[in-house]
Amino acid sequence: MQRLISMMTRVLEPEVMDTAEEADGYDAMDHSEANASFIARLLELGARGRMLDIGTGPGHLPLLICDRVPHANVIGCDLARSMLVHAERRLAQSAHAARVRYEIADAKRLPYAPGWFD
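All figures in this text were calculated on a predicted structure; none of them were measured in a lab.

Quick notes on the rules
Residues numbered from 1 in each chain as written. Predicted model: local features only at pLDDT ≥ 70, side-chain atom pairs only at ≥ 80, totals over all residues. Heavy atoms only, no water. Helix = DSSP H or I, 4+ residues; strand = E, 2+ residues; numbered from the N terminus. Buried < 20%, exposed > 50% of the residue type's maximum accessible area, 1.4 Å probe, protein only. Right-handed = clockwise from strand over helix to strand, strands pointing away. Pairing = 2+ DSSP bridges. Polar contact = N/O pair within 3.5 Å; in protein donor to acceptor, adjacent residues only side chain to side chain.

Caption draft 1: Layout of the environment of Ala 95. Structurally, Ala 95 can be placed in the loop between helix 5 (81–92) and strand 3 (100–104). A C-alpha to C-alpha distance of 8.7 Å links Ala 95 and Leu 63, two positions 32 residues apart in sequence.

Printed below as a string of structure tokens:
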């Protein structure tokens, strides 16, 4: 088994999917099952308060969090402006505009102070 694993080639996703075509394609994918599992785990862990979604992409998770976590406030950050176009469009159509904010940020150099998020 170890020999088989060592022969496998790892294919990395692009670090930033920042073309309109990439963002459109990613946004069109069905992430509902993975997102539901992620949100369920957050609830199990007692997530609340101020949260950060690193690599928010088209912004699904911050809105789902606000649907399920009363009084949560979420910043969704992504390095891809094209992804945030989708996130902002989705936010404008939601009831959570006062509780969610999307920002351009590099996950390797986050601009947030330590301890800012719960």
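Caption draft 2: Quick peek at the pairing of strand 2 (residues 73–78). Among the 6 residues of strand 2, 5 are classified as buried, and the element is accordingly described as predominantly covered. Once you follow strand 1 (residues 50–54) into helix 4 (residues 60–68) and on to strand 2, the crossover reads as right-handed. Summarising the sheet, strand 2 and strand 3 pair through 5 bridges and their orientation is parallel. The residue of strand 3 that forms the bridge with Val 74 is Val 100. The handedness of the strand 2 to strand 3 crossover, carried by helix 5, is right-handed.

Caption draft 3: Representation of the pairing of strand 1 within the structure. Residues Met 51 and Asp 53 of strand 1 are buried on one face, while the alternating residues Arg 50, Leu 52 and Ile 54, pointing to the opposite face, are not. As judged from the 5 bridges shared by strand 1 and strand 2, these two strands associate in the parallel manner. Residue pairing across strands places Asp 53 opposite Gly 76, the latter belonging to strand 2.

Caption draft 4: View of the side chain of Arg 90. Tracing the backbone shows Arg 90 in helix 5. Engagement of the side chain of Arg 90 in a polar contact is seen with the side chain of Asp 27, the distance being 2.9 Å. Reaching out from Arg 90, the side chain makes a polar contact with the side chain of His 60 at a distance of 3.4 Å.

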